[in-house]
Amino acid sequence: MGKQVALSVKCIHCDASLMDDKVQFSGHASVKVNVETEHDRGVLWMSSVYGDYDKKLSIEVEDGEIVGMFCPHCNKELSSVEHCRFCEAPMVEFVIRAGGVVLICSRNGCTNHHIEFRDVGSEMSKFYYEYGF
Ligand SMILES: [Zn+2]
Ligand SMILES: [Zn+2]
């Protein structure tokens, strides 16, 4: 296991940063999004450290429930055209500030997530180096 790499992500629609300094995991700013389930709405903070599944929710979400994720700035859904290859739930997409996108499964409890590199910037070279991805 290499060093921890924290990703800085932004909205796929309005380009606003989704990072929240006030809530941190492992000393790194979290990724903050608005969430919506069948019965409730709330806020989700996720660890920005790649491979770390720490999260904090302002609402109760059952294991296996699909959670819609929305940008707190433009309120658009952060959905991807892709579906999870494990559980078939829709994937949620974020833009990595340094280039590329990260996709995570919208089903609570499913830990499927992967990174797609489009433009490999310096932060990503560091990522390859430190994480050994
Ligand atoms: Zn937005
Ligand atoms: Zn899944």
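Please refer to the structure higher up on the page.
Treat the numbers as computed from the prediction; the structure is a model and nothing was measured.

Novice: I would appreciate a short explanation of the overall build of the protein in the present structure.
Specialist: Scanning the protein from N- to C-terminus turns up one helix and 10 strands. Moving toward the C terminus, one meets the helices and strands of the protein in the order β-β-β-β-β-β-β-β-β-β-α. For the protein, the proportion of contacts with a sequence separation of at least 24, taken over those separated by at least 6, is 42%.

Novice: Mind showing me how you'd approach the environment of V61 here?
Specialist: The topology assignment puts V61 in the loop between β5 (55–57) and β6 (68–70). Taking the C-alpha atoms as reference points, V61 and R107, separated by 46 residues in sequence, lie 9.8 Å from one another. The contact partners of V61, leaving out residues within four places of it in the chain, are T37, V67 and N108.

Novice: Can you walk me through the environment of C14 in this structure?
Specialist: Tracing the sequence through the fold places C14 in the loop between β1 (9–10) and β2 (19–25). Placed 62 residues apart in sequence, C14 and K76 show a C-alpha to C-alpha distance of 8.8 Å. Not counting the four nearest positions on each side in its chain, C14 is found in contact with C71, H73 and C74.

Novice: What exactly am I supposed to notice about the nonpolar core here?
Specialist: As a rule of thumb, nonpolar side chains are buried together in soluble globular proteins. Counting 25 residues, the largest nonpolar core has V9, L18, V33, L44, M69 and L78 as the members making the most contacts within it. Broken down by secondary-structure element, the contributors of at least two residues to this core are β3 (28–36), β4 (41–46), β6, β8 (90–96) and β9 (101–105). No other element matches β8, which puts four residues into this core. In contact with V33, not counting residues within four places along its chain, are L18, L44, M69, F70, C71, P72 and L78.

Novice: How do you make sense of unusual backbone geometry when you look at a structure like this?
Specialist: Leave glycine aside and you will find that most residues have negative phi; peptide bonds, for their part, are mostly trans. Even without a glycine there, the phi angle at N75 is positive, about 65°. Relative to the elements of secondary structure, N75 occurs in the loop between β6 and β7 (79–83). Its identity is not glycine, yet E88 carries a phi of approximately 65°, on the positive side. Along the chain, E88 falls in the loop between β7 and β8.

Novice: How should I be thinking about the pairing of β3 in this particular structure?
Specialist: Every other side chain in a regular strand lies on the same face of the sheet, so the side chains alternate between the two faces. Bridge count between β2 and β3: four bridges; the pairing is antiparallel. In the sheet register, D20 faces β3, and the bridge partner there is S30. Turn length for the β2-β3 hairpin, with the two strands adjacent in sequence and antiparallel, is two residues, and the turn residue S26 shows positive phi of about 50°. Pairing between β3 and β4: six bridges, direction antiparallel. Its bridge partner lying in β4, V35 is registered against G42. In textbook terms, the turn of a hairpin is the stretch between consecutive antiparallel strands, and for β3 and β4 this stretch comprises four residues.

Conventions we followed
Residues numbered from 1 in each chain as written. Chains lettered and ligands numbered in written order. Predicted model: local features only at pLDDT ≥ 70, side-chain atom pairs only at ≥ 80, totals over all residues. Helix = DSSP H or I, 4+ residues; strand = E, 2+ residues; numbered from the N terminus. Contact = placed C-beta atoms within 7 Å. Core = buried A, V, L, I, M, F, W, Y, C linked by C-beta atoms within 7 Å. Buried ≥ 20, exposed ≤ 12 C-beta atoms within 10 Å, placed from the backbone. Pairing = 2+ DSSP bridges.

Remember, this is a structural readout, not a statement about activity or role.
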